[in-house]
Each structure stands twice: as C-alpha cells, then as structure tokens.
Amino acid sequence: MYLYFVKAEMCTPCGLPARTVLTSYYKSKHFKCRTHDPWNDYTSPDQTILCNDSNQSMHCQLLSGLVHRRHVLRLGAVFASALLRAISFLERNWRHLCEDIRTGQLSSFITDPSCRSCMSTLLSSPDPRLADEITRICSQKSWKGILCQLWPKAKFIEAVVTGSMAQYVPALKHYSDGKLPLVCTMYASSECYFGVNLKPLCDPGDVAFTLLPNMGYFEFLPLGHNGTLLMDFDEGEQVPNDKLVDLVHVKLGCFYEPVVTTFAGEFPD
C-alpha cells in the first residue's frame with residue numbers, strides 16, 4: 001500500500017507548463033503503461049493516484065488499502081510526511097470509510113468520475129465483517145501500533161525519512177509501535193538520482209547513500225575541517241574546474257562539498 005499523489009500544474013509567465021517531477025512521472029506513459037510487476041502491485045488504482053482532488057484521492061487510496069488489508073506486505077509513501085498525513089486523514093474519516101465497506105457503496109463525497117468507476121469494481125458487494133474489524137481497531141483510545149493492526153502482514157514502511165523528514169520518525173515509530181523497520185532506499189532530486197542505501201534496514205539515523213556515478217557526474221569541492229570553503233566565491237559564481245576533485249581522487253579523512261552534474265548539464269540544488 002503505497003500512497004502516491006499528483007499536484008496541480010501551473011504555467012510560467014511565458015506560458016510553459018510546470019509541474020513537480022513526481023506528477024510528471026505519474027502522468028507519463030512510463031507509469032500509466034508500465035508492465036505488471038507482482039512485486040510492485042499497488043493497492044491504489046491508477047485513477048485514484050491521478051485524481052487532482054487530494055481529499056478524494058486520499059479517501060479512495062485508503063479505502064483500497066483497507067479492503068486489501070490482509071494482503072498488504074509493505075506500507076509507504078514518497079515522503080514520511082505524506083504517510084502521516086494519511087494517518088491523520090484516517091483518524092478523522094475512518095467511520096466514513098467503514099460505511100463504504102459495510103454498504104458496498106462509495107461515499108457521495110467522491111465525485112471524480114474515474115475514481116467512482118474504478119472503486120465501484122473494488123466495492124462490488126457489502127462486507128460488514130471487514131467493516132466491523134476495522135471499526136474495532138480504529139475505536140481504540142490509543143492508536144499506538146495502529147498500522148500493524150490494520151495491516152498485520154506488513155513487513156516495513158518505505159519513505160524518505162532523512163533530512164527534513166527525520167522529524168517525522170518518532171511519529172511513525174509510534175503508529176507502528178516500533179515493529180516495522182523504516183526503510184529509506186534512495187537519495188534523489190528532480191534532476192537525477194544521487195545514490196542508493198545499500199543497508200535499507202538500518203536505523204534512520206544511520207542511513208548513508210552510495211553514489212551512483214552512472215546517473216550523474218560527481219565532483220567534489222575541498223572544504224576545511226570545520227566545513228568552511230577553502231576559497232571565497234560570490235553567490236552564483238561558477239566554481240573553477242581546476243579547484244574541483246574527481247571522485248577517484250577523493251581522499252579519506254578530508255572534507256568536500258559534492259558538485260553534481262546531470263547528463264542534461266544541470267546542476268541540482
């Protein structure tokens with residue numbers, strides 16, 4: 001059960017369309033026309049992921065996850081904050097979700113035609129027994145470990161939990177009662193993938209990424225031992241090439257600022 005969402009597109013002053021990299025991917029043929037992969041068989045129908053209304057999308061994706069609760073092996077979202085937003089939505093709306101399951105009818109709140117079409121197949125018949133199970137779990141005073149109870153076969157949670165997302169780690173551990181490892185597999189930006197985590201089951205605080213030299217060209221700007229630049233540059237000024245160190249010439253025990261160039265010649269922030 002991976003929860004994915006698109007965001008509204010916008011136009012630049014010159015009329016060019018602009019959207020986030022994830023939205024661009026979900027709307028591309030690479031996602032829509034992907035071959036079936038049994039190891040990445042999402043509970044969420046594509047139509048619910050592509051719904052522009054975030055509340056309707058969240059309702060349908062959580063509903064799909066609850067209907068398939070006995071088959072879910074992995075939980076996740078791109079960012080830890082998105083998964084916690086889903087838990088908050090579930091806390092406020094679980095009664096409505098249970099009513100949909102109990103009656104076999106999608107809430108009138110869902111007006112998106114594509115969502116109604118795909119969800120009508122999922123809710124083919126009433127399931128009061130499943131609705132009672134979820135009601136019993138969600139009616140508890142404490143939601144500590146709620147994820148393990150709702151999705152008992154889940155083995156781990158996958159999401160970005162490094163950098164600014166690290167602040168959400170305690171909340172995720174609370175809702176999983178510390179029983180589900182928090183897996184952070186990759187380090188990426190809109191421009192390219194930087195690296196992968198070769199020890200995905202490590203503690204979030206110990207995550208380290210191995211650089212992917214086939215995804216971008218890595219150079220390194222030498223730093224002092226206190227993390228300061230050894231030379232002064234004005235903001236926006238191009239770093240002289242003769243001051244950069246190639247990956248193969250990085251020395252153990254020295255400090256560097258990575259400089260990444262993508263195949264398109266872009267410099268990620």
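Look a little higher up for the structure.
Residues numbered from 1 in each chain as written. Predicted model: local features only at pLDDT ≥ 70, side-chain atom pairs only at ≥ 80, totals over all residues. Heavy atoms only, no water.

1. Overview of the nonpolar core
Then, number 1: Among the nonpolar cores identified, the biggest contains 53 residues, and L75, L90, L147, L150 and W151 are the most heavily contacted of them.
Then, number 2: Once you skip the residues sitting within four places of it in the chain, L75 turns out to touch M1, Y2, L147, W151, A154, F156, I157, E158 and L180.
Then, number 3: Core analysis: the next-biggest nonpolar cluster, separate from the first, contains 8 residues, Y26, F31, I49 and V183 among them. (Core = buried A, V, L, I, M, F, W, Y, C linked by side-chain atoms within 4.5 Å. Buried < 20%, exposed > 50% of the residue type's maximum accessible area, 1.4 Å probe, protein only. Contact = heavy atoms within 4.5 Å.)

2. Quick notes on the packing of aromatic side chains
Then, number 1: One pass over the structure, following the stated rule, counts 10 aromatic pairs.
Then, number 2: Relative to Y4, the ring of Y2 has its centre 6.2 Å away and its plane inclined at 80°; by these criteria the two rings are edge-to-face. Of the two residues examined, Y2 and Y4, each falls in the buried class.
Then, number 3: For the cation-ring pair, R34 lies above F31, with the distance from its terminal atom to the ring centre recorded as 4.1 Å.
Then, number 4: R85 extends its terminal NZ or CZ atom over the ring of F5, reaching a point 5.7 Å from the ring centre. (Phe/Tyr/Trp six-rings, centres within 6.5 Å; stacked < 30°, edge-to-face > 60°. Lys NZ or Arg CZ within 6 Å of the ring centre and 35° of its normal.)

3. Concerning the packing of helix α4 (residues 54–67) against helix α6 (residues 113–122)
The axes of two packed helices give the description: the angle between them and the distance between them.
Then, number 1: Here α4 crosses α6 at 10°, and the two axes come no closer than 11 Å. The angle between α4 and α6 falls in the class roughly parallel. For the pair α4 and α6, the sense of crossing is left-handed. Touching C60, L63, S64 and V67 of α4 are C115, M119 and L122, all from α6.
Then, number 2: In terms of residue class, the contact of α4 with α6 is built from 6 nonpolar, 1 polar and no charged. (Axes fitted to C-alpha atoms, helices over the stretch in contact; angles between N-to-C directions. Helix = DSSP H or I, 4+ residues; strand = E, 2+ residues; numbered from the N terminus. Parallel < 35°, antiparallel > 145°, perpendicular 65-115°, else oblique. Left-handed = near helix turned anticlockwise from the far one by under 90°. Nonpolar A, V, L, I, M, F, W, Y, C, P; charged D, E, K, R; others polar.)

4. Here we look at the sheet that holds strand β12 (residues 255–261)
Then, number 1: Read across the open sheet, the 3 strands follow the order β11-β10-β12; overall the sheet is antiparallel. Two strands close off the open sheet at either side, each with one partner strand: β11 (245–246) and β12.
Then, number 2: Pairing of strand β10 (residues 217–223) with β12 involves 7 bridges; the strand directions are antiparallel. The partner of F220 across the bridge, within β12, is P258. (Pairing = 2+ DSSP bridges.)

5. Some remarks on the sheet that holds strand β8 (residues 193–196)
Then, number 1: Strand order in the open sheet formed by 3 strands is β7-β8-β9, with antiparallel pairing between adjacent strands. The open sheet has two edge strands, β7 (186–188) and β9 (210–211), and neither has a second partner.
Then, number 2: In this structure, β7 lies alongside β8, joined through 3 bridges in antiparallel fashion. Within the sheet, the bridge partner assigned to M186 lies in β8 and is V196.

6. Things to note about the pattern of salt bridges
Then, number 1: For the structure shown, the criterion picks out 9 salt bridges.
Then, number 2: Ionic pairing is found between E9 and R19, a salt bridge with its closest N-O pair at 3.0 Å. Of this pair, E9 sits in the loop between β1 (2–3) and β2 (10–11) while R19 sits in the loop between β3 (17–18) and α1 (21–26), placing them 10 residues apart in sequence.
Then, number 3: The partner of D203 in a salt bridge is K173, and the shortest N-O contact between them spans 3.7 Å. (Salt bridge = Lys/Arg side-chain N within 4 Å of Asp/Glu carboxyl O.)

7. Considerations on the pairing of strand β5 (residues 156–160)
Then, number 1: Along β5, 5 of the 5 residues are buried, which leaves the element largely enclosed by surrounding structure.
Then, number 2: On β5, burial covers both faces: F156, E158 and V160 on one face and I157 and A159 on the other are all buried.
Then, number 3: Note: strand β4 (residues 74–79) against β5, 4 bridges, orientation parallel. Residue L75 lies in a different strand from β5, and its bridge partner there is I157.
Then, number 4: Bridge analysis of β5 against strand β6 (residues 182–183) gives 2 bridges, and the strand direction is parallel. Considered in β6, the bridge of E158 is made with V183.
Then, number 5: Note on the crossover from β5 through helix α9 (residues 169–175) to β6: the handedness is right-handed. (Right-handed = clockwise from strand over helix to strand, strands pointing away.)

8. Focus: the state of the cysteines
Then, number 1: Tallying each qualifying case throughout the model produces 0 disulfides.
Then, number 2: A disulfide-free cysteine, C98 has its sulfur positioned 5.8 Å from the sulfur of C138, the nearest such atom. (Disulfide = S-S within 2.5 Å.)

9. A look at α4
Then, number 1: A rise of 1.5 Å per residue sets the reference length of α4, with its 14 residues, at 20 Å; its end C-alpha atoms lie 20 Å apart and thus fit the reference within 8%.
Then, number 2: Burial runs high along α4: 11 of the 14 residues are buried.
Then, number 3: Turning to α4, its buried residues are Q56, S57, M58, H59, C60, Q61, L62, L63, S64, G65 and L66.
Then, number 4: Capping the start of α4, D53 holds a side-chain oxygen 3.0 Å from the backbone nitrogen of N55, two or three residues further along. (Expected span 1.5 Å × (residues − 1). Polar contact = N/O pair within 3.5 Å; in protein donor to acceptor, adjacent residues only side chain to side chain.)

Any functional reading would require information that these geometric values do not contain.
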